[in-house]
Amino acid sequence: MAILILARPAGAGVLLDGVAATVDGQVITLYDLARAESAARILVGVDPASRARVSREDVLEAIINQRLALTEAIRLRMDESDSERVEEVLRQAMGRYPSAAAWKAAVEEAGLSESDVQEEVGRQVRLLKYLRRRVPVAVTLAEAGRYFDENQARMGGASFGDVVDMVLDLLREEKFNAAMKEYLARLRERSNVFVVR
């Protein structure tokens, strides 16, 4: 799952520790940003390369996108939770650690509780569920066939029938990511976003 991540709800108390950004008057504090960055690193696991790819700028951009889209989801009454998906994402994240104790230690070391991480994942899941409903995509077998023909060397000698489901999933994900970026850009154009540099 792409890291779409993480912020406290708009109604949460604001610490006077500095402002990272505002989204339609909602303040994202440096505290919010630091917690989201910690949670993002926890969720990617213990691999140093994966953790290094979590940048403060990307996390801030993700928080802004999340605030924009979830506000829109609430306005359109399309904000839905999915506890099963939250549990699945948490299981996957925990599986990136050598043991349950290592997971728990990482959460505590970041100054978070397991319920903090669960809340953050819950927001990610709600956001992704809303975006998948709001920007549906479809891929045809003809598109999958063209992709297969253009990338046959990378298919390791597999036939189209052997990889068709994988190719369809890959193309759906590519189309969804492009449509999601477009949708978020449109939301941002009609919103008041200010990032403190």
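Note that the structure is predicted; figures quoted are calculated from it, not measured.

Participant: Lay out the overall build of the protein chain with the relevant residues and their values.
Facilitator: If you tally the helices and strands in the protein chain, you get eight helices and three strands. Written out in order from the N terminus, the α and β elements of the protein chain read β-β-α-α-α-α-α-α-α-α-β. Principal-axis analysis of the C-alpha atoms gives the protein chain an extent of 60 × 45 × 30 Å. Taken across its 197 residues, the protein chain has 40% of its residues classed as buried. On the protein chain, the mean spot of the 28 positive side-chain charges and the mean spot of the 31 negative ones are 4 Å from each other.

Participant: I'd like to hear about the environment of Ser81, residue by residue, with values.
Facilitator: Secondary-structure assignment places Ser81 in the loop between α3 (56–75) and α4 (83–94). Relative accessible area serves as the criterion here: at 58%, Ser81 is assigned to the exposed category. Along the backbone, Ser81 and Lys129 are 48 residues apart, and their C-alpha atoms lie at a distance of 8.1 Å. Non-local contacts of Ser81, meaning those with residues more than four positions away in its chain, are made with Arg126 and Lys129.

Participant: I'd like to hear about the sheet that holds strand β3 (residues 193–195), residue by residue, with values.
Facilitator: Reading across from one edge, β2-β1-β3 is the order of the three strands in this open sheet, with antiparallel pairing throughout. Since the sheet does not close on itself, it has two edges, and those belong to β2 (26–29) and β3, each with one partner. Pairs of neighbouring strands in the sheet enclose a mean axial angle of 15 degrees, with direction left out of account. As paired elements, strand β1 (residues 19–23) and β2 share four bridges and run antiparallel to each other.

Participant: Requested: an account of a nonpolar patch on the surface, with residues and values cited.
Facilitator: Taken together, the side chains of Val19, Phe194 and Val196 define a hydrophobic patch exposed on the protein surface, amounting to about 250 Å² of accessible area. Residue position: Val19 is located in strand β1.

Participant: Tell me about the packing of helix α1 (residues 30–44) against α3, residues and numbers included.
Facilitator: Packed helices, taken two at a time, are described by the angle between their axes plus the distance between the axes. Axis separation between α1 and α3 bottoms out at 9 Å; the angle between their running directions is 105 degrees. Here α1 is positioned roughly perpendicular relative to α3, judged by the angle of their axes. Of the residues in α3, those in contact with Asp32, Leu33, Ala34, Ala36, Glu37 and Ala40 of α1 are Arg56, Val59, Leu60, Ile63 and Arg67. For the contact of α1 with α3, the class distribution of residues is seven nonpolar, no polar and four charged.

Participant: Hey, could you go over the pattern of salt bridges for me, with residue numbers and the actual values?
Facilitator: Side chains that differ in charge, positive against negative, can pair when their charged atoms come close. Applying the stated criterion across every chain, the model contains 16 salt bridges. One salt bridge in this structure joins Arg35 and Asp116, with 3.1 Å as the shortest N-O distance. Placement of the pair is Arg35 in helix α1 and Asp116 in helix α6 (residues 114–134), with a sequence separation of 81 residues. Put simply, Arg186 and Glu182 hold a salt bridge, and the shortest N to O gap is 3.7 Å. Of this pair, Arg186 and Glu182 both sit in helix α8 (residues 160–189), four residues apart, roughly one helical turn. Under the relative-accessibility criterion, Arg186 is labelled partly exposed at 42%. Residues joined by salt bridges that share partners form a network here, namely Glu37, Arg41 and Arg56.

Cut-off values and rules
Residues numbered from 1 in each chain as written. Predicted model: local features only at pLDDT ≥ 70, side-chain atom pairs only at ≥ 80, totals over all residues. Heavy atoms only, no water. Helix = DSSP H or I, 4+ residues; strand = E, 2+ residues; numbered from the N terminus. Buried < 20%, exposed > 50% of the residue type's maximum accessible area, 1.4 Å probe, protein only. Lys, Arg positive; Asp, Glu negative; His and termini not counted. Charge placed at Lys NZ, Arg CZ, Asp CG, Glu CD. Contact = heavy atoms within 4.5 Å. Pairing = 2+ DSSP bridges. Axes fitted to C-alpha atoms, helices over the stretch in contact; angles between N-to-C directions. Patch = residues over 30% accessible without salt bridge, like charges linked within 9 Å, V, L, I, M, F, W, Y side chains within 5 Å. Areas by Shrake-Rupley, 256 points an atom, 1.4 Å probe, with all protein chains shown as cover. Salt bridge = Lys/Arg side-chain N within 4 Å of Asp/Glu carboxyl O. Parallel < 35°, antiparallel > 145°, perpendicular 65-115°, else oblique. Nonpolar A, V, L, I, M, F, W, Y, C, P; charged D, E, K, R; others polar.

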